[in-house]
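Here's the letter readout for the chains.
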Amino acid sequence: MSICFCSVRQLHHAAHHFLVALVLASVVLILEYHGMLNWLDTVSLRAVGSIHADERAASSFDPKDAPIPLLIGDEYFETAFRQESPLDRRELARLIGRILHERPAVLAIDLDLSPGPNGSPGNAGQDELDTLLIRYSKDEKVPIVLTTPFPVVANALFAAKHAWLAKLCAGGIRLGYPQIVLSQGLVMRYTYRQPSLGLVASGVGPEAKTAPHGDGDLCADVLAGPDKAVFLSKAFQPESIFGADDLRGQRPINPDYLRKGGTLQRVIRGDNIDAALSGLGNRPVFLGSQFDSRDEFLTPYGPQKGVVIHAATFYSERRPTNTVTHGIAVLLDLAFGVAAGFLFGAVWQRTNAASAMHGTEVLSFQHWLAARIWLAAAFGLLVLWLVMLFYASAWLLTHDLWNNPGPMVVGVFVKTLLASRVGLRDDEHRAKPTVGGAKAALMRNADWLLLSPFVIWAGILLFGH
C-alpha cells in the first residue's frame, strides 16, 4: 500500500514538474519567436564561445579545408605602396598576378579595387589590373570574388564605378558585400541571406557544394542597369539587411576557424613575398589589409581583421554550425526542466526541513550546521546545473550544433525559486476536500487553466510555423 502511495506521489510530482516545464518552455518559445530573446542568444553565444575557446578536446578543424588569409602588412604598405590610399594599381597588379599564378581554388579580395574620380593618381594602372582579373577569371578559369566599392554621392563617379563593375561582371568576376554582422559589438554570426564576400566565395570553386549567393546576385543587379546597383550609392543603408537582430537569417560562425585559423594567416611584409605566396595552389585565398586599423573587429577570441572574418564566413558555410530546431529545443527544455524540478525540490525540501529544526526552541549546533550545509548544497546545485548547461552547449558547438542555454538558465532560476517553497507549509499532501463538483475541480486546476493559453499559443507557433 505504501509502495502504491509512493508511486502515485512520484507520478504526481512528475506531472507537476512536467507542467511547470511545459509552461516555461512555451513562454520562452513565444518570446524567442517574437525576437525578444535575441540579446540573450548573443550573451549566451559569447559565454559559450569563451568556454569553447578554453576546451582541450579534439577539434574537427582541418587546415586543408580552411581558406588562407593573405594580409598586406604595414612594412609592405609603407614601402611598395608608399603609404598611399588608394593602393597603387600597378603594384597591386603585380601582387595579385603572382597570387593568381599559383592558381588558388578561389581568390576573394577584401580591397576596394574600383577607379577613383577622373584625374586621380590612383587610376594609373587600373586598366592593367582589370585586364589581369578578367583574363584569369574568363580564360584561366580561376574564380575571383571582389567586394563592392565604397559607396559614393557624385553622379559622375557613380557612373564610372558602375561601368567598371559591369565590365568585370561580364568577365565572370563575382561580387560580395564587405559588411560584417555585429552582435553587441562582437562578431559571432554571419548572414546567409545576403551575398557577403565570404558567402559568395564559398559558392564558387571546385569544392563548392552549393552556390549560396544570398537573396540575389550582385553582378546580376549591376548588369541590369545603374538603377539596380543601389549599393554603389551612399543612400543605400547596409544596416537594413545586415541587422544584428535578424537571427533567423544568421548562423553562428564556426568557432574552429577563429580559434585556430590564425595559424593560417600570412602577412606580406615585402621581404617575404616568395614565402607568403607559396603553396596557394588549389587553396581558397582571401587577400586583405593588415595596415588599416579601422578594418578590425572584436570576436570572443580577440580582435580579428575583416578579411579573416570573411574567411571565417567561407569556412563556416562549408562546415556550418547549425542551430537546434524549435522542436528539439522544447524537448530539451522539458527534459532539463523535469530533472531540475526533482533535484531542486528534493534539496530544498531538506534545506527547509533543516531550517525549521534550527528554528525550534531547542538550540542545537547540529541543527544549525545541518541547515547551513543544506543551504550551501541548494545553491551549489544551482551553480553546478548552470555550469553543466553551458558546457553542454559548448560541447554541441564543438560538434557544429548551437543550442542557446539562456532560456534554460532562466527556467532554472524559476524552478529553484519555486522549489525553495517546498516544505514551508505542510499542505502539499493534505487530504483533498470531500466536496466535489465542477467548482472544486476548477479551483484545484485554476493555475493551469490560467496558463494554458500560453501553451496553446506556443503549440500553434511550433507546429504552424
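So, a few notes on the structure that sits alongside this text. (Residues numbered from 1 in each chain as written. Predicted model: local features only at pLDDT ≥ 70, side-chain atom pairs only at ≥ 80, totals over all residues. Heavy atoms only, no water.)

If you walk through the whole model with that rule in mind, you get six aromatic pairs. Each ring, one from Y177 and one from F236, has its centre 5.9 Å from the other, and the planes form 15°; the classification is stacked. One end of the pair, Y177, is in the loop between β4 (174-176) and β5 (189-191); the other, F236, is in the loop between α8 (218-223) and β6 (250-252), and 59 residues separate them in sequence. The class for Y177 is buried, based on a relative accessible area of 7%. When the ring of Y257 is compared with that of Y315, the centres are 5.6 Å apart and the planes differ by 35°; the resulting orientation is tilted. (Phe/Tyr/Trp six-rings, centres within 6.5 Å; stacked < 30°, edge-to-face > 60°. Helix = DSSP H or I, 4+ residues; strand = E, 2+ residues; numbered from the N terminus. Buried < 20%, exposed > 50% of the residue type's maximum accessible area, 1.4 Å probe, protein only.)

Time to look at the nonpolar core. In this structure, I72, I96, L113, L146, F231 and L287 are the most contacted members of the largest nonpolar core, which totals 52 residues. Excluding anything up to four places from it in sequence, L113 contacts R89, L92, I96, Q126, L129, L133, L146 and W164. Among the nonpolar cores identified, the runner-up in size contains 26 residues, and V145, V187, A201 and A312 belong to it. (Core = buried A, V, L, I, M, F, W, Y, C linked by side-chain atoms within 4.5 Å. Contact = heavy atoms within 4.5 Å.)

Here we come to the state of the cysteines. Scanning the model with the defined rule gives one disulfide in all. Two residues share a disulfide in this structure: C169 and C219, whose sulfurs sit 2.0 Å from each other. Where C169 bonds to C219 through sulfur, the torsion about that S-S bond is close to -75°, and the disulfide is left-handed. In this pair, C169 sits in helix α6 (residues 155-170) while C219 sits in helix α8, placing the two residues 50 residues apart along the sequence. The exposure class assigned to C219 is buried, which follows from its relative accessible area of 5%. (Disulfide = S-S within 2.5 Å.)

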